[in-house]
Amino acid sequence: MGKKVAVLTSGGDAPGMNPCIRACVRFGLYKGLEMYGVRRGYQGLIDDDIFLMNSRSVSDIVQRGGTFLKTARCEDFKTVEGINKAVANLKKYGITDVIAIGGDGTFRGGKAMADNSDISVIGIPGTIDNDLAYTDFTLGFDTSVNTVLWAINSLRDTMGSHDRCSLLEVMGRRCGDIALYAGICGGAEYILVPEVPYDLDAIADSLKKAHERGKTSNMIIFAEGAGNKDEICAYLKEKTGVKITTTTLGHIQRGGSPTMQDRILANKFAERAIELIMLGATNRVIGTRDNRIIDENISEALEMSGKFDKKLYKLAEIMSL
Ligand code: ADP
């Protein structure tokens, strides 16, 4: 009997989820699998919001951000009763495998279900923060960084006209990758991230000197996990006398049409996920390392840390001198 596979998106949404759902469904059908969609992640498993999909079910979504399956956070899934209910619903359809697209929470949920049932789970990383150490990139990160770059370009126009310093807050509570990549590509003078300690007095000093040299517009990119931006801004203003305006990009970073990079990853991640299902694998997550698609045990992947690219950070510093 052919396998029956359910696809869901869970946790924070990310551009690239839609092309990935599409690729899972179409590659799965091509391999002779029966493909199902689940609305609102693990909540949909518990609520039995599960439906059969065909190739047309995923038409006209390749270019859209977000996830047409919708996503949710579901506390009930953290309980044994919740997982049992989800598994019972999957069994009604004869579903054997679940592809869960999301972040580390989604992977923990998937592992909990795989460990407590005979449902096999494969995780695909979809999160704009790029905060999963086992993979170089996650779905949504590239699109998000490009959105930040668009914002930097706009800010630069007005900063230049008014001789201002701009402090731009971007997403990244635990992981400063959005700030780092947008910072180096956008030519930011300072990049503040949770992974690297910074010296505000040194920044103030350099800002002041830059102003005295006639460099009157500067850009500070600030990852939200790097401290309190209002306090930092107030401190720098007081120390330097430089005009600093703050901008918080917020949820704009989560949307937008997925970039080429995110769509390519979406297709390749989906292809590997289906291949693993054909091989009978479970508790694995897909990723990319050194431009190759990889897969890893969920627990081992979640235990990894220390991905932050210090070399790139140093390069960004040199470029801003
Ligand atoms: P993300 O996947 O973006 O990190 P969350 O951390 O909110 O998002 O996790 C998404 C969902 O995964 C949670 O709402 C919950 O349903 C499920 N989940 C997270 N951790 C666990 C866990 N330890 N056991 C079971 N389910 C979990």
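Residues numbered from 1 in each chain as written. Predicted model: local features only at pLDDT ≥ 70, side-chain atom pairs only at ≥ 80, totals over all residues. Heavy atoms only, no water.

> For the pattern of salt bridges, give the residues involved together with the corresponding values.
Following the criterion strictly, the structure yields 22 salt bridges and no others. A salt bridge links D104 to R174, with the shortest nitrogen-to-oxygen separation between them at 3.6 Å. Taken together, the residues D104 in helix α4 (residues 104–115) and R174 in the loop between β6 (165–170) and α6 (177–186) connect sequence positions 70 residues apart. Ionic pairing is found between D295 and R272, a salt bridge with its closest N-O pair at 2.6 Å. Taken together, the residues D295 in strand β11 (residues 292–297) and R272 in helix α9 (residues 260–279) connect sequence positions 23 residues apart. Residue class for D295 comes out partly exposed when judged on its relative accessible area of 21%. One network of salt bridges, with partners in common, ties together D104, R108, D131 and R174. (Salt bridge = Lys/Arg side-chain N within 4 Å of Asp/Glu carboxyl O. Helix = DSSP H or I, 4+ residues; strand = E, 2+ residues; numbered from the N terminus. Buried < 20%, exposed > 50% of the residue type's maximum accessible area, 1.4 Å probe, protein only.)

> Describe in detail the sheet that holds strand β1 (residues 4–9), supporting the description with residues and values.
Taken in spatial order, the 7 strands make up an open sheet running β3-β2-β1-β4-β5-β10-β11, and their pairing is mixed. Strands with a single pairing partner mark the edges of an open sheet, and in this sheet they are β3 (50–53) and β11. Across the sheet, the mean angle from the axis of one strand to that of its neighbour is 30°, orientation sign disregarded. Note: strand β4 (residues 97–102) against strand β5 (residues 120–125), 6 bridges, orientation parallel. From the neighbouring strand, D97 faces β5, where its bridge partner is S120. Where helix α3 (residues 80–93) meets the sheet, it contacts β1, β2 (34–38), β3 and β4, and its direction lies at approximately 35° from that of β3. Relative to the sheet, α9 contacts β1, β2, β4, β5, β10 (284–289) and β11, its axis offset from that of β10 by approximately 140°. (Pairing = 2+ DSSP bridges. Axes fitted to C-alpha atoms, helices over the stretch in contact; angles between N-to-C directions. Contact = heavy atoms within 4.5 Å.)

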